[in-house]
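# Remarks on the overall topology
Chain by chain, the residues run as shown.
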Amino acid sequence: MFSQRARKRTIIAAFALAGIACALATADRANPPDMTRYETLSPEVVASNGTLLRPFLSKDGYWRLKTEVRDVNPRYLKILKAYEDKHFDEHFGIDPVAVARAAVQYLTAGRIVSGASTLSMQAARLLEPPRRRGLITKAYQVIRAVQLEERYSKDQILSIYLTLAPFGGNLEGVRAASLAYFNKEPSSLDLSESAVLVALPQSPARLRPDRHGLAAIAGRKKVLDRMVAEGILSAGDVAVAEHEGVPSIRLAMPLIAPHLAYHLLQTAKGPRIETTIDANLQQAIERLAVQERGYFDDGASLAIVVVENRTRNVLAYVGGTDYWGKEGQIDLARRSRSPGSALKPFIYGLAFDDLILHPSTMMEDQATIFGDYAPHDFSGNFQGAVTARDALRMSLNVPAVMVLDRVGPLRFTLALQNAGARLAFPKGSDTPSLPVALGGLGISLADMAMLYTGIADHGVAAPLRYLKDAPRGERHKLFGPVAAYYLREILAGVSLPEGWAMGQGLSRQRTVAFKTGTSYGFRDAWSAGFSNDYTVAVWVGRADGAPRVGSVGREAAGPILLKTFGLLPKDRAADPAPPAGAILATSTAALPPGLRVFRREVQQAAIPQPTHVPPPTISFPPNGATVPLPAANAKDDEIQLKANGGAGPLTWLVNGRLIGSFDRFQPVMVAPPGEGFARIVVVDAQGRSDASEVRFKHLH
């Protein structure tokens, strides 16, 4: 039995040990490992599949890309552990066998021969500022290694090393080194490359392959020879690896979609920014852009934006070419430029929606003065009587201005702005005027793509999505599905650029509805179009806005747009069917009388004219009304539509469906379309119209 004194000593010792343990635990919690360096990473912008598009230097000036165990080749990890810390998976931060060996060597040689550093200790060292080598520093690393082991898993500790290990210059981490020396992710490292990168952190300055090739080869051999000696690798595999060379230059980091990457770096949060970009498509279109730029001899550049219609995901974004060249860092896809005629479809779309115009409506293309504004066609000639369809396909200026005069420049620009387009107007311009029809405003290529995607999506615009996890943006109606359908049919028939019908243009894989534009002074050449699944917008010009005489959208940008479509996957969506309400007239004569001829609205003379008939206004059902639906067993299941004014005959439509044309005093009876909202429109013989938005509802 223990004596009373022995028991007392045991109790005191137990309390002392408990106190020491408590003190150590308190010190541990009060002074945890500083993870600041591990968290100060290089921001990464990546494609939708994780491909690195462009990294940026960390705040402290390093290429430091976060690297986890799953990011590297398993064979590299196997060699790393075998060479640096063969008992890494078993120990608690300290390798007792290695410590014992190091102690014996120190006592025998009188100096440190091997430091017994584990990967955990190296990870701890990499987290701290550099310290002088010595036993005190080693002891400090041991403490920190134990702290790491009690806080993190083995894979997490290994990730610290893989992210922070030095590889020469401002390269930190195996991922940055793999990209800089071998132009590949570390998951694809071969045996020779793995051995080079295992050896390099031992002496980053001395073993850099781009500066000291022979030393790098010797370091690789040392690693490989040990792997053979320890039975990790076969002599045959090592012999093959040792015959491979080492890189003689340090490569630049990936630079894919650089303009978009920089923009997202300024606006998005987090060290890893996941985009909607399709990496393979982006690189293919960048190659196309460089190839096309080679044909310009006046310093011009180009920009291309590709959008998936269904999701609004931006699949490719080329903000310019030669990023590191003069003016190469200007994002030309986001720069506001004059669109020329590229916005004309939206003028016609609003007119189609107002039922003052139909693709088969006849128009006059002739010299016309609008106040002090006298537009003329690009060719210098006038075409005379043309349909609205041909006027838009030929991009005639006078008909477009006539239509805008009816629609209203302010309404037109507000419709684009409400859809999300950022428009720039000339300085000193208080309100938009008729020249906006021909490019008298500024818009970016990205916003142009957004608007054309709206035509493809039945007249509904929505913000483009650049970030993979971005929510769907708010949708805005540009015009109705009937107007969008008319525009699709018209733009799909636009003539191809000169020479395009030969060769690859002879058989087109998809129907592309597109429009081109050329700004005043030949400064900007545009082409924007869509298929069932994709929208593409192209801009060609000089970054400094200098004129390029003779460069027009149809010949400068149009072919690039069609070549871009040639790089896209096949469309999966079917051609849209004509929507309800579309007037599928095959000739002008088949149209309702009020839509057969487009007449310009002119100001009436000041002298009263007794023959003047006011425009039509719907008296029943009035706008905003709730209209009771007839009972199910009622004999009369129709309602009567009434209008005041208007030059007969009056043409009525309900939800775009043509009811018919009627004399002014002829009763118009129609069966309601059912419970819900409906749009009722009346058009008179002069093309003037009125609309009423009502709600049909059963009364209980």
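Scroll up for the structure.
Residues numbered from 1 in each chain as written. Predicted model: local features only at pLDDT ≥ 70, side-chain atom pairs only at ≥ 80, totals over all residues. Heavy atoms only, no water.

## Concerning the sheet that holds strand β7 (residues 314-318)
The sheet built from five strands is open, its strands ordered β7-β6-β14-β13-β12 with antiparallel pairing. Whereas interior strands pair on both sides, the edge strands pair on one side only; in this sheet they are β7 and β12 (513-518). Averaged over all neighbouring strand pairs, the angle between strand axes comes to 10 degrees, with direction disregarded. Looking at chain direction, strand β6 (residues 301-308) and β7 are connected through four bridges and run antiparallel. Across the sheet, the residue bridging to Val 305 is Tyr 317, located in β7. Where helix α13 (residues 279-293) meets the sheet, its contacts fall on β6 and β7, and the angle it forms with β7 comes to roughly 30 degrees. (Pairing = 2+ DSSP bridges. Helix = DSSP H or I, 4+ residues; strand = E, 2+ residues; numbered from the N terminus. Axes fitted to C-alpha atoms, helices over the stretch in contact; angles between N-to-C directions. Contact = heavy atoms within 4.5 Å.)

## A look at the pattern of salt bridges
Considering all chains together, one arrives at 33 salt bridges under this definition. One salt bridge connects Asp 354 with Arg 411, and the closest N-O pair in it is separated by 2.3 Å. With a gap of 57 residues between them, Asp 354 in the loop between α14 (344-353) and β8 (362-365) and Arg 411 in helix α17 (residues 409-418) connect regions that are remote in the sequence. Ionic pairing is found between Arg 389 and Glu 489, a salt bridge with its closest N-O pair at 3.0 Å. In this pair, Arg 389 is assigned in helix α15 (residues 388-393) and Glu 489 in helix α19 (residues 481-491), connecting sequence segments 100 residues apart. (Salt bridge = Lys/Arg side-chain N within 4 Å of Asp/Glu carboxyl O.)

## Some remarks on the side chain of Gln 282
With respect to the helices and strands, the residue Gln 282 is situated in helix α13. Exposure remark for Gln 282: the relative accessible area of 0% places this residue in the buried category. Excluding residues that lie within four positions of it along the chain, Gln 282 makes contacts with Ile 256, Ala 257, Ile 277, Leu 315, Ala 316, Tyr 317 and Val 318. (Buried < 20%, exposed > 50% of the residue type's maximum accessible area, 1.4 Å probe, protein only.)

## So, unusual backbone geometry
The omega angle of the peptide bond from Phe 620 to Pro 621 is -5 degrees, so this bond is cis rather than trans. The residue Pro 621 is located in the loop between β15 (617-620) and β16 (626-628) in this model. The amide bond that connects Gly 648 to the next residue, Pro 649, takes the cis arrangement and shows omega of 0 degrees. The phi angle at Ser 395 is positive, at roughly 55 degrees, despite the residue not being glycine.

## Examining the packing of α14 against α17
Between α14 and α17, whose axes approach to 10 Å, the crossing angle comes to 105 degrees. Our classification of the angle between α14 and α17 gives roughly perpendicular. Each of Phe 346, Ile 347 and Leu 350 in α14 lies in contact with α17, whose residues at this interface are Arg 411, Phe 412, Ala 415 and Leu 416. Class assignment for the residues of the contact of α14 with α17 results in six nonpolar, no polar and one charged. (Parallel < 35°, antiparallel > 145°, perpendicular 65-115°, else oblique. Nonpolar A, V, L, I, M, F, W, Y, C, P; charged D, E, K, R; others polar.)

## Some remarks on the sheet that holds strand β19 (residues 657-662)
Taken together, the five strands give an open sheet; going across it, the order is β16-β22-β21-β18-β19, and neighbouring strands pair in mixed fashion. Each of the sheet's edge strands pairs with one partner strand only, and the pair in question is β16 and β19. Direction aside, the axes of adjacent strands within the sheet are offset by 30 degrees on average. Sheet topology note: the β16/strand β22 (residues 689-697) ladder contains three bridges and is parallel. By the bridge assignment for β22, Thr 626 is matched with Arg 695.

## A look at the packing of aromatic side chains
Remark: the centre distance and the inter-plane angle together describe each pair of aromatic rings, the angle taken between the planes. Summed over all chains, the structure comprises six aromatic pairs. Judged by centre distance (6.4 Å) and plane angle (55 degrees), the ring pair of Tyr 348 and Phe 352 falls under tilted. Residue Tyr 348 and its partner Phe 352 are both found in helix α14; the two are separated by four residues, about one turn of the helix. The same class applies to Tyr 348 and to Phe 352, which are both buried. Here the aromatic rings of Phe 352 and Tyr 486 are separated by 5.4 Å at their centres, their planes lie at 85 degrees, and the arrangement is edge-to-face. A residue pair is termed long-range when its members are at least 10 positions apart, and Phe 352 in helix α14 and Tyr 486 in helix α19 qualify at 134 residues. (Phe/Tyr/Trp six-rings, centres within 6.5 Å; stacked < 30°, edge-to-face > 60°.)

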